[in-house]
Amino acid sequence: MAQALDVEKLEQGIKAVYGDVAQTPDKEFHFEMGRPLAERLGYPSEDLDQIPGDAIESFAGVGYYFDLANPQTGEDVLDLGSGSGMDVFVAALHVGEIGSVTGLDMTDEQLEKARRLRNEAGFENVAFEKGYIEKLPFKDESFDVVVSNGVINLSAEKDRVFAEVSRVLKPDGRLALSDIISESRMPESIKSNADLWAACIGGAEQVDDYMKLIEMPGFEILEARDNAEYEFTSDQAQSACQRYGVKSISLVARKR
C-alpha cells in the first residue's frame, strides 16, 4: 500500500487543503467546520466561550475526546496536527497555568494563525511547533497526555505515529484521539489515491487493524466509541461511508 501511494503528493495535497482551512474557513470543503460542528460533537459551550473564535471557525475535527483524555491541572499535553489551535486552547483551560500544551503541525498557514491567536489571547502556557507526527521533535517521556483529532488517518505510516506517541509519553501516559476508520478494508484503487487520502477517506484504516497498530507499541485501549454526530458532506465521502463503513471514532489508551 505505502509503495503505491505517492506520499509526496499526499503531503502537498494535505498542506493545500489545510492551508485553506486556516486562511479561508468559509470556503466549501468536503468536511464540516466551525462552532456548530464542535458543539454537536460534544464540546461544552463554556469551554468554547473562553478560547479564540477564529480558532473555532477553522476547527475541522471529527469527534470529542476531552472527557476521555481527562487532562488534569499541571499536566503537559501534546496535540498532533493541531491546526489553528482549538483543541490546544481547550486543553490549556484544563491544565491551567502550571501545565503546558504544545501543538504540532506541518502546515505553515495553520501555525501562523495559531501563534497569532495565542499571542492575542495571552495563552502563555501554549506553544506551537512545526513538525511531522511520524517523527516527533520531542524528548522521550515529555508528556502526560497526547491528543489528536482527525489527523492520524492522513498518515501513510501510522505504525510510526503510534510508536512515536509511546516514546514521548511518560509511563502510564494517555493517548486520546478522534479519527476516521472503516469497518471493511478498502481496495487498492482507493488506498493508493493521494487525493482520496487528503479527503480523509483513502487513509481510513480498517478498525481492527487500527486498534492493532495502537496496541503494537504497548498501549492498552481503555474505551472506544463511535461518533454518530460526525458526517461527511461531499458525495464522494458519503459514498465511501455507505460502501465501506467509513466513520468517526474516539478512544483513549494508556501506555503500559
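In case you missed it, the structure is sitting above this.
The structure displayed is predicted, hence computed values, not measured ones.

A word on the side chain of Glu75
Reasoning step 1: As for its placement among the helices and strands, Glu75 is situated in the loop between helix 5 (66-69) and strand 1 (76-80).
Reasoning step 2: Within the structure, the side chain of Glu75 is placed 2.9 Å from the side chain of Arg174, a separation counted as a polar contact.
Reasoning step 3: Ignoring anything within four residues of it in the chain, the contact list for Glu75 reads Asn70, Val95, Gly99, Ser100, Asp144, Val145 and Arg174.

So, the nonpolar core
Reasoning step 1: Grouped together as the largest cluster of nonpolar side chains are 45 residues, with contacts concentrated most on Tyr43, Ile51, Met86, Phe89, Val101, Val126 and Val246.
Reasoning step 2: Per-element tally for this core: the top contributor is helix 6 (residues 86-95), with 7 residues.

Side note on the environment of Gly34
Reasoning step 1: Within the secondary structure, Gly34 sits in the loop between helix 1 (7-23) and helix 2 (35-41).
Reasoning step 2: Taking the relative accessible area as the measure of exposure, Gly34 reaches 7% and is therefore buried.
Reasoning step 3: Remark: the alpha-carbon pair of Gly34 and Glu183, spanning 149 residues in sequence, is separated by 27 Å.
Reasoning step 4: When residues no more than four places from it in sequence are discounted, the contact partners of Gly34 are Ile56, Glu57 and Phe59.

A look at the packing of aromatic side chains
Reasoning step 1: Summed over the entire model, instances satisfying the criterion amount to 10 aromatic pairs.
Reasoning step 2: Each ring, one from Phe138 and one from Phe143, has its centre 5.3 Å from the other, and the planes form 90 degrees; the classification is edge-to-face. As far as the burial class goes, Phe138 and Phe143 line up, both buried.
Reasoning step 3: Each ring, one from Phe162 and one from Tyr210, has its centre 5.7 Å from the other, and the planes form 85 degrees; the classification is edge-to-face. Highlighted residues: Phe162 in helix 8 (residues 158-168) and Tyr210 in helix 11 (residues 207-215), separated in sequence by 48 residues.
Reasoning step 4: Given a relative accessible area of 0%, Phe162 falls into the buried group.

Observations regarding the environment of Tyr43
Reasoning step 1: Position of Tyr43 among the secondary structure elements: in the loop between helix 2 and helix 3 (45-48).
Reasoning step 2: You can call Tyr43 buried: its relative accessible area is 2%.
Reasoning step 3: For the pair Tyr43 and Tyr65, spaced 22 residues apart in sequence, the C-alpha separation works out to 8.9 Å.

A closer look at the side chain of Glu164
Reasoning step 1: Structurally, the position occupied by Glu164 is in helix 8.
Reasoning step 2: According to the relative accessible area criterion, Glu164 is buried, its value standing at 14%.
Reasoning step 3: Excluding residues within four positions of it along the chain, Glu164 makes contact with Ile133, Glu134, Lys135 and Leu136.

Quick look at the pairing of strand 3 (residues 126-130)
Along a regular strand, successive side chains alternate from one face of the sheet to the other.
Reasoning step 1: Where strand 2 (residues 100-105) and strand 3 come together, 5 bridges link them in parallel fashion. Bridge pairing links Leu104 to Glu129 in strand 3.
Reasoning step 2: For the crossover that starts at strand 2, traverses helix 7 (residues 108-121) and ends in the parallel strand 3, the hand is right-handed.

The rules behind each value
Residues numbered from 1 in each chain as written. Predicted model: local features only at pLDDT ≥ 70, side-chain atom pairs only at ≥ 80, totals over all residues. Heavy atoms only, no water. Helix = DSSP H or I, 4+ residues; strand = E, 2+ residues; numbered from the N terminus. Polar contact = N/O pair within 3.5 Å; in protein donor to acceptor, adjacent residues only side chain to side chain. Contact = heavy atoms within 4.5 Å. Core = buried A, V, L, I, M, F, W, Y, C linked by side-chain atoms within 4.5 Å. Buried < 20%, exposed > 50% of the residue type's maximum accessible area, 1.4 Å probe, protein only. Phe/Tyr/Trp six-rings, centres within 6.5 Å; stacked < 30°, edge-to-face > 60°. Pairing = 2+ DSSP bridges. Right-handed = clockwise from strand over helix to strand, strands pointing away.

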